[in-house]
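Chain and residue survey
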Amino acid sequence: MKTFRLPDLGEGLQEAELVEWRVKAGDEVAVDQPLLAVETAKAVVEIPSPQSGRIERMFANAGDVIRVGAPLVTFEGQKEDDAGTVVGAVETGASVMQETPVAAGRAGGTVRATPAVRALARKLNVDLSIVTPSGADSVITAEDVQRVARVLSEAEPAEPLRGFRRAMAQNMALAQAEVAAATIVDDASVDAWAAGTDITIRLIRALVTACQAEPVLNCWFESASLSRRVLSKIDLGIAVDTPDGLFVPVLRDVAKRSAEDLRAGLDRMRADVAARRIPPEEMRGATITLSNFGTIAGRYAAPVVLPPTVAILGAGRLREEPVTKEGAVKIGRIIPLSLTFDHRVVSGGEAGRFLGAVMGDLALPR
């Protein structure tokens, strides 16, 4: 009997959620026939069969989170063990991991409670990390635990984050823990724009201009060695909001593409995200990010920088407001801008000049 295990999916990913089996026990399959679909931090990926044969056993169910190297299926009549030949050999290891909710809150070392209170929390199924202490020196009391237990009893059951929402939570936690984030904001005048101007395309062009003015914001930072790699090609991550969470697919080499080509690429990318068929490679390798959150709501924000990138430009909702020009008051059109940058790598002056270059390009008629 030959066991096929979850292969290394690349990008340092250590686990994936099983979305759907494409086969069932007893099926005859061919080489490269899809066996199952899994959802990773990057995309939904189909895992093909490494061989032809009859499926003897399947080791996981839809919704299970599977570690790299865990068994997926066994084939009849084979003896050797497959460590993951689809994407390359991997070390075999842990089995299917049943996911449990992980509470967000204070780190475990900062939770202060007596043994009796901890026992009460276990009995009432209350995670102490979500309890606000009321005792002296920030000690959690029995009353605190009982209060939270009452709230939880009236709430819906805890729902583990899965798939892209799980990945989003992990990425945001990484960014919060690692990046020394700072944000500057300003308003760009777009009075010169013609009717029907494509806002996203203009933002991309302005960002390209700013990267040329201050290349250090288009770089990757290697925190372990405190090294930066300033990149000549601009591969732009575009934040896309979906009901399943935040996606950041990548538009490649945006500095060398026409407005028409960029628009076609954006439309195709958004359609692929909506249909959940975007290839994993199109979710990797961004060098800087754009978030046009103004299409939903909001003026300013503090967008989150995802390592190893060092900057993200956010654009708020275009609005009209009174402005002064040559001593007179008139109604002007404004796009609010927010630039978050990793202050370990980017100085305030570099960030300011970058934002100024964005504003200067947006002020042009076309």
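Residues numbered from 1 in each chain as written. Predicted model: local features only at pLDDT ≥ 70, side-chain atom pairs only at ≥ 80, totals over all residues. Heavy atoms only, no water.

Quick notes on the overall build of the protein
Broken down by element type, the protein carries 6 helices and 22 strands. A total of 366 residues make up the protein; the buried ones form 42% of that total. Of the contacts made within the protein by residues no fewer than 6 positions apart, 63% connect residues no fewer than 24 positions apart. When the accessible surface of the protein is totalled, it reaches about 18700 Å², and 52% of it is carbon and sulfur. (Helix = DSSP H or I, 4+ residues; strand = E, 2+ residues; numbered from the N terminus. Buried < 20%, exposed > 50% of the residue type's maximum accessible area, 1.4 Å probe, protein only. Contact = heavy atoms within 4.5 Å. Areas by Shrake-Rupley, 256 points an atom, 1.4 Å probe, with all protein chains shown as cover.)

Digging into helix α5 (residues 259-274)
Taking 1.5 Å of rise per residue, 16 residues should cover 22 Å, and α5 covers 22 Å from first to last C-alpha, within 8% of that figure. Among all positions of α5, only Leu262, Gly265, Leu266, Met269, Asp272 and Val273 are buried. Seen along its axis, α5 keeps its buried residues to an arc of 135 degrees; they face one direction. Exposed and facing more than 90 degrees away from the buried side of α5 are Glu260 and Ala274. (Expected span 1.5 Å × (residues − 1). Arc of directions from axis to C-beta.)

Topic: helix α4 (residues 199-213)
In this model, α4 (15 residues) spans 21 Å end to end at C-alpha, consistent with the 21 Å of a helix rising 1.5 Å per residue. Within the sequence span of α4, burial applies to Thr200, Ile201, Arg202, Leu203, Ile204, Ala206, Leu207, Val208, Ala210 and Cys211. Residue Asp198 occupies the N-cap position of α4, its side-chain oxygen lying 3.3 Å from the main-chain nitrogen of Thr200. (Polar contact = N/O pair within 3.5 Å; in protein donor to acceptor, adjacent residues only side chain to side chain.)

These values are about where atoms sit, not about what they do.
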